[in-house]
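# Observations on chain architecture
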Amino acid sequence: MSKHSVIVGAITLVFAFVVSVHAKTARVGDIVIEQAWARATTPSAKTGATYLVVRNSGSEPDSIPSLETPVASHTVAHQTRQEGSVSRMSEASPLNVPPGGALEMKPGGTHIMLMDLKSGLKLGQQFPLTITFEKAGKVEVPVKVGKPGALGPE
Amino acid sequence: MLMSNLKKLRFLLWTLVGMVTISVTLLTLVVSSDEPRREGLVEPGRPMAEGADWRLLDETGSAFTPDDLRAKLTLVVFGFTHCPDVCPTSLSYVANTLQALGPQAESVRPLFVTVDPKRDTANIMAEYTDLFDPRIVGVTGAPDQVAAALKSLGVYSRKVPQDDGGYTMDHTATMLLLDDQGRPRSTLDIHEAPEIAAGKIRLLIEKS
Ligand SMILES: [Cu+2]
């Protein structure tokens, strides 16, 4: 193998890694955020839901005291609970991320509620979400908008 | 030595037989008590909204009264358009069920009845339900009329204030299947494949 092909190979690997990280995950300290997605809404909708997975590879618990996005006036962590046939939604701040564990959001459970949307969320659209971790600090993740009734990232 | 080992083995085997028998019995009980809901239909009881006198509006602004529950099979979901987590899951399940029914979907009327009439106008209901399937009909109305309708349909709802000054609604999230007399015959469960839901509706179409 020539020196040249080794260099090309190494550059390709680094590039592939950078691209894959950018496409799927964001990292800050010991925290990795995966698969941020939202559901499309009607053009006049005032609320929307965003879901993501946060992994904490560190040995300390962390938490999310605040969330921000330019598409909504305010953004709150919510929890849906099913009690018998009744569905209830309540605030879930601050969200905790256990050490060596994950915070997994999904429809019917924990979600990020976008309130007072400035305009509806369109299928295929992407918007930034800034997540502030108590210990790891701030990170901005891209959120991809999927189908209105999507059950996971597409 | 050999004898005592054989005895032990026999004891072990009988214990195993006993455990298996108990497990199978328990499992049969659990499965059979679940069966009417999971696979088929319940016997018709009293029509919902019997003797009730409310007047709602469908998404086109036309009147919707208890009589409209006695014209066709009805699949009804309760919710509100400011609900971004649970309601879209239910409505896309209804949309997938209609898809699975194929042309037989014409025999059932899918309704989305709001528990939040103050914010959900007929236009907003139309726009919201069309996001999932244009065949789903949004139903709203004057707050007192919606309250009367929900009461006669056995639906719970409660306004819950939020820190930002807004509010959300706790509500019954059951998906109800009514026959052409307005009698509840089954519920749909989002944890089941939409084909199962389509099967329940087909069964009811055959019986009607
Ligand atoms: Cu919410």
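For clarity, every value in this text was computed on a predicted model and none was experimentally measured.

On to the overall build of chain A, then. Summing up its helical and strand segments, chain A has 1 helix and 12 strands in all. Each helix and strand of chain A, placed in order from N terminus to C terminus, yields the pattern α-β-β-β-β-β-β-β-β-β-β-β-β. Relative to its full complement of 154 residues, chain A shows a buried share of 46%. Contacts in chain A between residues far apart in sequence, at least 24 positions, make up 66% of those at least 6 positions apart. Surface summary for chain A: the accessible area is close to 8000 Å², and the carbon and sulfur share equals 59%.

A word on helix H5 (residues 194–207) of chain B. Residue and element names in this part refer to chain B. Between the first and last C-alpha of H5 there are 20 Å, a value that for 14 residues agrees with the 20 Å anticipated at 1.5 Å per step. Along H5, the positions that sit buried rather than exposed are Pro194, Ala197, Ala198, Lys200, Ile201, Leu204 and Ile205. End-on, the buried residues of H5 take up no more than an arc of 155°, which puts them together on one face. Turned more than 90 degrees away from the buried face of H5, the exposed residues are Glu195, Glu206 and Lys207.

This part takes up a negative patch on the surface. A cluster of acidic side chains, namely Glu91 and Asp116 of chain A together with Asp163 and Asp164 of chain B, defines a negative patch on the protein surface. Mapped onto the elements, aspartate 163 of chain B comes out in the loop between strand E6 (157–161) and strand E7 (167–172). On the basis of relative accessibility, which here comes to 71%, the residue aspartate 163 of chain B falls in the exposed class.

It is worth spelling out the pattern of salt bridges at this point. Applying the stated criterion across every chain, the model contains 13 salt bridges over all chains. The closest approach of N and O atoms between aspartate 133 of chain B and arginine 135 of chain B, which form a salt bridge, is 3.0 Å. Residue classification places aspartate 133 of chain B among the buried positions, given a relative accessible area of 6%. Among the ionic pairs, aspartate 179 of chain B bridges to arginine 183 of chain B, the shortest N-O distance being 2.9 Å. The class for aspartate 179 of chain B is buried, based on a relative accessible area of 2%. Salt bridges sharing common partners tie together Arg81, Glu83 and Arg88 of chain A together with Arg158 and Asp170 of chain B.

Conventions we followed
- Residues numbered from 1 in each chain as written.
- Chains lettered and ligands numbered in written order.
- Predicted model: local features only at pLDDT ≥ 70, side-chain atom pairs only at ≥ 80, totals over all residues.
- Heavy atoms only, no water.
- Helix = DSSP H or I, 4+ residues; strand = E, 2+ residues; numbered from the N terminus.
- Buried < 20%, exposed > 50% of the residue type's maximum accessible area, 1.4 Å probe, protein only.
- Contact = heavy atoms within 4.5 Å.
- Areas by Shrake-Rupley, 256 points an atom, 1.4 Å probe, with all protein chains shown as cover.
- Expected span 1.5 Å × (residues − 1).
- Arc of directions from axis to C-beta.
- Patch = residues over 30% accessible without salt bridge, like charges linked within 9 Å, V, L, I, M, F, W, Y side chains within 5 Å.
- Salt bridge = Lys/Arg side-chain N within 4 Å of Asp/Glu carboxyl O.
- Lys, Arg positive; Asp, Glu negative; His and termini not counted.
- Charge placed at Lys NZ, Arg CZ, Asp CG, Glu CD.

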